Amino acid sequence: MHEIITNIIEKDINSDKYNYIVESNKTYLIGEYGVGKSHALFILFLKKYREYIDNKTKTIPCFSTARELGQLGGIQKWLSETIISNVDLLIFIDALDEVEYSVAIKIIEEIEFINERFKNVRIIVASREFATIRDSYRVQMKTLNDHEIDELYSIVTGTESRVSFYRRYSVKHLDYWKMLDRPFFLLVYASIKMSKSTL
């Protein structure tokens, strides 16, 4: 399984499937549970880190969870104002929806302050639906298309996939099949199928 996960990560790093998130110039990546927000953010961080190490960019990528920021007292406690003021940064913050409401609001307010004051800093935050986030600041996380569903299933199981076919034409368990456009549920399904060695 470790090798499979490594292959998935490397494949995604070498693709442009998540570039739309950065290119949108939006601050908040919004999506339902299991749709792959955390994975997308981590892949983007690794891509940007490699670009920085290879001297392809001067922008330094940073990654943190909202919970860690809450424990540290905020972004400016995590990264000193000296760093924020003088270095080009791309900050990825994951799981805003997994902290207490008061902590999330504090992070949102701090992001607004940093966005207004520091033009050298870009912040991208992953979260499920959060009412106080304005529509103009959001980019919606894309679900998997049929090709991506079959490809991911095949990578995990080592077998040809017919999942997209069943999703389109099965008349039973429609809600069950519809959920498989979210990577988390597709991976669970593929792992169960692989452990049973059946299709």
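This write-up is about the structure you can find in this document. Because the structure is a prediction, the values reported are computed rather than measured. (Residues numbered from 1 in each chain as written. Predicted model: local features only at pLDDT ≥ 70, side-chain atom pairs only at ≥ 80, totals over all residues. Heavy atoms only, no water.)

**What to know about unusual backbone geometry**
Positive phi values are uncommon outside glycine, yet Asn55 reaches one of about 60°. Turning to its location among the elements, Asn55 is positioned in the loop between helix H3 (37-53) and strand S2 (60-65). Judged by its relative accessible area of 70%, Asn55 is exposed. For Ala95, which is not a glycine, the phi torsion comes out positive at approximately 65°. Structurally, Ala95 is set in the loop between strand S3 (89-94) and helix H7 (101-117). Residue classification places Ala95 among the buried residues on the basis of a relative accessible area of 12%. (Helix = DSSP H or I, 4+ residues; strand = E, 2+ residues; numbered from the N terminus. Buried < 20%, exposed > 50% of the residue type's maximum accessible area, 1.4 Å probe, protein only.)

**Quick look at the packing of helix H1 (residues 2-13) against helix H8 (residues 146-157)**
Relative to each other, H1 and H8 sit at 145°, their axes nearing to 9 Å. Relative to H8, the crossing made by H1 is right-handed. Packed against H1, whose contacting residues are Ile4, Ile8 and Lys11, the element H8 presents Glu151, Leu152, Ile155 and Val156 at the interface. When its residues are assigned to classes, the contact of H1 with H8 shows 5 nonpolar, no polar and 2 charged. (Axes fitted to C-alpha atoms, helices over the stretch in contact; angles between N-to-C directions. Left-handed = near helix turned anticlockwise from the far one by under 90°. Contact = heavy atoms within 4.5 Å. Nonpolar A, V, L, I, M, F, W, Y, C, P; charged D, E, K, R; others polar.)

**What about H1?**
Compared with an ideal rise of 1.5 Å per residue, which puts 12 residues at 16 Å, H1 spans 17 Å between its outermost C-alpha atoms and is within 8% of the ideal. Against H3, H8 and helix H11 (183-196) lie the buried residues of H1. (Expected span 1.5 Å × (residues − 1).)

**Considerations on the pattern of salt bridges**
A complete count under the given rule lists 9 salt bridges for this structure. Salt-bridge contacts for Arg128 lead to Asp97; the nearest nitrogen and oxygen are separated by 3.0 Å. With Arg128 in the loop between strand S4 (121-127) and strand S5 (138-140) and Asp97 in the loop between S3 and H7, this residue pair connects regions lying 31 residues apart in the sequence. Since its relative accessible area comes to 23%, Asp97 is described here as partly exposed. (Salt bridge = Lys/Arg side-chain N within 4 Å of Asp/Glu carboxyl O.)

**Here's the deal with the environment of Tyr52**
Secondary-structure assignment places Tyr52 in helix H3. The contact partners of Tyr52, leaving out residues within four places of it in the chain, are Thr57, Lys58, Thr59, Ile60 and Pro61.

**A word on H7**
Along its 17 residues, H7 runs 24 Å from first to last C-alpha, staying within 8% of the 24 Å computed at 1.5 Å per residue. Along H7, the residues classified as buried are Ala104, Ile105, Ile107, Ile108, Glu110, Ile111 and Ile114. Taken together, the buried residues of H7 touch strand S1 (28-30), helix H4 (66-72), helix H5 (75-78), S3 and S4.

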